[in-house]
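Okay, here's what each chain looks like letter by letter:
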Amino acid sequence: MNFFLAALGVLGVASSGPLIAATLGATSVSALAIAFWRNAIGAAVMAGPVLVRDPRQFSRVTGNEFRWSLAAAVALALHFACFITSLQLTSVAAATALVCLQSGWIAVFQLFRGVRHRWQVLAGLGIAFGGVIAITGFDMGTSPDALLGDLLALAGGALAGIYTLAGGKARQTMGTGVYTTLCYGMCAAVVAVLALVSQQPLAGFEAAGWLGILAITVCAQLIGHTAFNHLLATMSPLLVSMIILLEIPGAALLAAAFLAEKLPAGTYAGLGLILVGLAVVVLGQRSSRSARRDAARLAELGTD
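Residues numbered from 1 in each chain as written. Predicted model: local features only at pLDDT ≥ 70, side-chain atom pairs only at ≥ 80, totals over all residues. Heavy atoms only, no water.

J.: I keep staring at the overall build of the protein and nothing clicks. Help me out?
T.: Counting its secondary structure elements, the protein contains 14 helices and 0 strands. The order of α-helices and β-strands along the protein, N terminus first, is α-α-α-α-α-α-α-α-α-α-α-α-α-α. Here the C-alpha radius of gyration of the protein, 18 Å, is about what a compact globule of 304 residues would show, namely 19 Å. By residue count, 53% of the 304 residues in the protein fall in the buried class. Considering only contacts in the protein between residues 6 or more positions apart, those separated by 24 or more positions represent 85%. When the accessible surface of the protein is totalled, it reaches about 13100 Å², and 70% of it is carbon and sulfur. Charge separation in the protein, taken as the distance between the mean sites of 16 positive and 11 negative side-chain charges, equals 17 Å. (Helix = DSSP H or I, 4+ residues; strand = E, 2+ residues; numbered from the N terminus. Rg over C-alpha atoms; globule rule 2.2 N^0.38 Å. Buried < 20%, exposed > 50% of the residue type's maximum accessible area, 1.4 Å probe, protein only. Contact = heavy atoms within 4.5 Å. Areas by Shrake-Rupley, 256 points an atom, 1.4 Å probe, with all protein chains shown as cover. Lys, Arg positive; Asp, Glu negative; His and termini not counted. Charge placed at Lys NZ, Arg CZ, Asp CG, Glu CD.)

The following block contains the structure:
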């Protein structure tokens, strides 16, 4: 059963990039509309069990919990804006790999906060960011749009790291249902403001567009991340974190199969370097209790 759930989880999160790219390319759906409805639906789904069991949990949210949840929501909204837009400019495989540097960015942020990592973590970061240089170097020779897409995906990964760290602070005293409802709901509100400023529509799409939004929400969020959340109860966070890294080759394979995406050999080499580097980062943190907790939150608070 665990093997089945792991495979289902990888397929769910890996489908995010290809589904978003296909929806943006074939319908009139805007990038921010996908981010808005995914979070709005997610908030509604997560609120249901809390409202049934104990709706008073929402009134017990403290000011500190609310502030950390708001910080996470703003970072998540900007993450989605960067990542989904990047899929319109660069390849699905490159955008997915670059945004998956989330765990690497967390290690970097911890370095600035004075956390001392093992040498394996630093080596893994070097390998992963070597893959970034390889991907952006090849895309620079392809087109300015592709390079801009890479940079947006890279920023999306950093914002996902901020979202995870802020969410971890909030989750120290908040339950999953209350936190995710609050965070996703506020994220949807922030995205709505961004859509209003940028004049991107949030409704009025054709049936195929709404079907794409629903597929992205169900496959990536409700199936993919729910499977990983369940696995955290039966498998080690380290192993779950390693399994999640399969999103990188998974997205590349799905994009190649269903979107006929073909990339230069150097770009695939960059994808491989990022995958290996992130695996070394995760394994290098295996003796740290705080790193294991961060790995668990990374899976539980998954973004894409």
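There is more to say, and it comes next.
J.: How should the packing of aromatic side chains be read in this particular structure?
T.: We describe a pair of aromatic rings using the distance from one ring centre to the other and the angle between the two ring planes. Taken as a whole and judged by the stated rule, the model has 5 aromatic pairs. Ring centres 5.4 Å apart and planes at 75 degrees place the aromatic pair Trp 37 and Trp 210 in the edge-to-face group. With Trp 37 in helix α3 (residues 31-53) and Trp 210 in helix α10 (residues 207-231), this residue pair connects regions lying 173 residues apart in the sequence. Residue classification places Trp 210 among the partly exposed positions, given a relative accessible area of 31%. Where Trp 105 meets Phe 129, the ring centres are 5.5 Å apart and the plane angle is 75 degrees; that geometry is what we call edge-to-face. (Phe/Tyr/Trp six-rings, centres within 6.5 Å; stacked < 30°, edge-to-face > 60°.)

J.: I would appreciate a short explanation of the nonpolar core in the present structure.
T.: Across soluble globular proteins, nonpolar side chains show a tendency to be buried alongside one another. Counting 70 residues, the largest nonpolar core has Ile 20, Ile 34, Ile 84, Leu 98, Leu 101, Tyr 163 and Ile 274 as its most contacted members. Per-element tally for this core: the top contributor is helix α9 (residues 176-198), with 10 residues. Contact partners of Ile 84, with chain neighbours within four places excluded, come to Ile 20, Leu 24, Ala 31, Ile 34 and Ala 35. (Core = buried A, V, L, I, M, F, W, Y, C linked by side-chain atoms within 4.5 Å.)

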